[in-house]
Amino acid sequence: MIGVEDDCEITCPHCWQNFSIRLDVSVPGQTFVYDCEVCCNPLEVNYYVEDGRVVSCDAISLDQ
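As the structure is a computational prediction, the values presented were derived from the model and not from experiment. (Residues numbered from 1 in each chain as written. Predicted model: local features only at pLDDT ≥ 70, side-chain atom pairs only at ≥ 80, totals over all residues. Heavy atoms only, no water.)

1. Quick word on the sheet that holds strand β5 (residues 53–61)
Read across the open sheet, the three strands follow the order β3-β4-β5; overall the sheet is antiparallel. The sheet is open, and its two borders are formed by β3 (29–35) and β5, each paired with just one other strand. Here the strands of the sheet are splayed against their neighbours by 20° on average, with no regard to which way each runs. The pairing of strand β4 (residues 42–50) with β5 spans eight bridges and is antiparallel. Counted as the bridge partner of valine 49 is valine 54 from β5. (Pairing = 2+ DSSP bridges. Helix = DSSP H or I, 4+ residues; strand = E, 2+ residues; numbered from the N terminus. Axes fitted to C-alpha atoms, helices over the stretch in contact; angles between N-to-C directions.)

2. Some remarks on the nonpolar core
The biggest cluster of nonpolar side chains holds 13 residues, and the ones touching the most others in it are Ile10, Phe19, Ile21 and Leu43. Those elements giving two or more residues to this core turn out to be β1 (5–11), β2 (18–24) and β4. Ranked by residue count, the leading element in this core is β4, at four residues. (Core = buried A, V, L, I, M, F, W, Y, C linked by side-chain atoms within 4.5 Å. Buried < 20%, exposed > 50% of the residue type's maximum accessible area, 1.4 Å probe, protein only.)

3. As for the environment of cysteine 57
Counting through the fold element by element, cysteine 57 comes out in strand β5. Note on cysteine 57: relative accessible area 22%, which makes it partly exposed. Sequence-wise, cysteine 57 and leucine 23 are 34 residues apart; in three dimensions their C-alpha atoms are separated by 9.6 Å. Ignoring any residue separated from it by four or fewer positions in sequence, one finds cysteine 57 in contact with Cys8, Ile10, Leu23, Val45, Asn46 and Tyr47. (Contact = heavy atoms within 4.5 Å.)

4. Quick look at the state of the cysteines
In this structure the tally under the stated criterion is one disulfide. Unpaired in terms of disulfides, cysteine 36 finds its nearest cysteine sulfur in cysteine 12, a separation of 3.7 Å. In this structure cysteine 40 is a free cysteine whose sulfur lies 6.7 Å from that of cysteine 39, the closest cysteine sulfur available. Taking the relative accessible area as the measure of exposure, cysteine 40 reaches 55% and is therefore exposed. (Disulfide = S-S within 2.5 Å.)

And the structure:
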């Protein structure tokens, strides 16, 4: 049975720290806002799922 969550390691573009987040793999992908667990700056997280596994995950700064 395939789980409905998977972990993804991301790097904050503000403080450059790595941390892991849990993602819902029951959908083909999502884009959402997530605050960095280290510096609390907002990030836009984008990810895509194939066969119940995260195949692409990245975080970009919301500061333009």
